[in-house]
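# Examining the three-dimensional arrangement
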Amino acid sequence: MTAMIKVLPTAEEHVGLVHPVDGPLAAEGNDWTHDAFTERRIQEQVIRRFEAGVDDAAPAEAKAAAKVKAQAPA
């Protein structure tokens, strides 16, 4: 069984990056398979690991704004 990790985009332009197995990256992050693709994107600083206690402590307003921004048409 392959491990899953929660990842977040490091910049707005990285929202929508598509993992070959797990699909597109949402502004609020996704659980992605921790494989070579994911690790390479972490090393390139395109994505970062979700940090419990830090990222989940963001104000609700900021989370809502990120969600709306991610759903806006390009």
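Residues numbered from 1 in each chain as written. Predicted model: local features only at pLDDT ≥ 70, side-chain atom pairs only at ≥ 80, totals over all residues. Heavy atoms only, no water.

### Notes on the pattern of salt bridges
Close approach of charged atoms lets side chains of opposite charge pair. One pass over the structure, following the stated rule, counts two salt bridges. A salt bridge links Glu39 to Arg49; its shortest N-O distance comes to 4.0 Å. Linking Glu39 in helix H1 (residues 36-43) with Arg49 in strand E5 (residues 47-49), this pair joins segments that are ten residues apart in sequence. The exposure class assigned to Arg49 is partly exposed, which follows from its relative accessible area of 41%. (Salt bridge = Lys/Arg side-chain N within 4 Å of Asp/Glu carboxyl O. Helix = DSSP H or I, 4+ residues; strand = E, 2+ residues; numbered from the N terminus. Buried < 20%, exposed > 50% of the residue type's maximum accessible area, 1.4 Å probe, protein only.)

### Let's talk about the sheet that holds strand E1 (residues 4-9)
Strand order in the open sheet formed by three strands is E4-E1-E5, with antiparallel pairing between adjacent strands. Unpaired on one side and paired on the other, strand E4 (30-33) and E5 mark the two borders of the sheet. The mean angle between the axes of side-by-side strands here comes to 50°, regardless of whether they run parallel or antiparallel. Of the pairings in the sheet, the one linking E1 to E4 comprises four bridges and is antiparallel in character. Along E4, the bridge assignment pairs Ile5 with Trp32. Contacting E1, E4 and E5, H1 crosses the sheet at an angle of about 105° to E5. (Pairing = 2+ DSSP bridges. Axes fitted to C-alpha atoms, helices over the stretch in contact; angles between N-to-C directions. Contact = heavy atoms within 4.5 Å.)

### Looking at the side chain of Thr33
Within the fold, Thr33 resides in strand E4. Classification of Thr33 by relative accessible area gives buried; the value is 12%. Those residues in contact with Thr33 that lie beyond four places of it in its chain are Thr2, Ala3, Met4, His19, Asp22 and Thr38.

### Examining the environment of Lys6
Within the element layout of this structure, Lys6 appears in strand E1. Among the residues examined, Lys6 registers a relative accessible area of 31% and is labelled partly exposed. Along the sequence, Lys6 and Trp32 sit 26 residues apart, while their C-alpha atoms lie 6.1 Å from each other. Once residues within four sequence positions are removed from consideration, Lys6 is found in contact with Glu28, Gly29, Asn30, Asp31, Arg48, Arg49 and Phe50.

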